[in-house]
Amino acid sequence: QVQLVESGGGLVQPGGSLRLSCATSGRAFSNYVMAWYRQTSGNHHEWIAEIGRDGSSKKYHDSVKGRFTISRDNAKNTVFLQMNNLNPEDTAAYYCNFHFSPVPWGQGTRVTVSS
């Protein structure tokens, strides 16, 4: 069974930083493009970043470009999201998934940006 376990969220002040992690199991992680998504209350999962299988290709939503960095460690089956210069509009639950062949969502990790 494929599992996604996100962690690293929390409460941070505007301008602050957080690093999210997503540990996966049950699939050959290095064979898949991975992505991060976020969800505000009642809305769909919004794609925000993706990373190619070897980590060399990265794409970002315009709303996070220049502030967020996606990375991966294929040896640890984990994808990361470094989030800098956070603002209140980044408040959401954050999720990872296999971008082109998604599995059921994990529990996500909550990020709250507030002073």
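The structure reproduced in this document is the subject of the present report.

Moving on, we come to the pairing of strand E7 (residues 68–73). A one-sided burial pattern is seen for E7, the buried positions being Phe68, Ile70 and Arg72 and the unburied ones Thr69, Ser71 and Asp73. Direction of pairing for E7 relative to strand E8 (residues 78–83): antiparallel, over a ladder of six bridges. Within E8, the residue paired with arginine 72 across the bridge is valine 79. Between the antiparallel neighbours E7 and E8 lie four residues, among them asparagine 77 with a positive phi of about 55°.

Throughout the structure, instances matching the rule amount to one disulfide. The disulfide partner of cysteine 22 is cysteine 96, and the S-S distance across this bridge is 1.7 Å. On the criterion of sequence distance, the pair formed by cysteine 22 in strand E3 (residues 18–25) and cysteine 96 in strand E9 (residues 92–98) is long-range, its members being 74 residues apart. Across this residue pair, the class does not change: cysteine 22 and cysteine 96 are buried.

Turning our eyes to something else, we now look at the sheet that holds strand E1 (residues 3–7). What holds strands together in a sheet is hydrogen bonding between their backbones, with the strands either parallel or antiparallel. Sheet architecture is open: four strands sit in the order E1-E3-E8-E7, paired in antiparallel fashion. A strand with exactly one partner marks an edge of an open sheet, and here the two such strands are E1 and E7. Across the sheet, the mean angle separating the axes of adjacent strands is 15° when strand polarity is ignored. Note: E3 against E8, six bridges, orientation antiparallel. Looking across to E8, one finds that cysteine 22 is bridged to valine 79.

Parameters and conventions
- Residues numbered from 1 in each chain as written.
- Predicted model: local features only at pLDDT ≥ 70, side-chain atom pairs only at ≥ 80, totals over all residues.
- Heavy atoms only, no water.
- Buried < 20%, exposed > 50% of the residue type's maximum accessible area, 1.4 Å probe, protein only.
- Helix = DSSP H or I, 4+ residues; strand = E, 2+ residues; numbered from the N terminus.
- Pairing = 2+ DSSP bridges.
- Disulfide = S-S within 2.5 Å.
- Axes fitted to C-alpha atoms, helices over the stretch in contact; angles between N-to-C directions.

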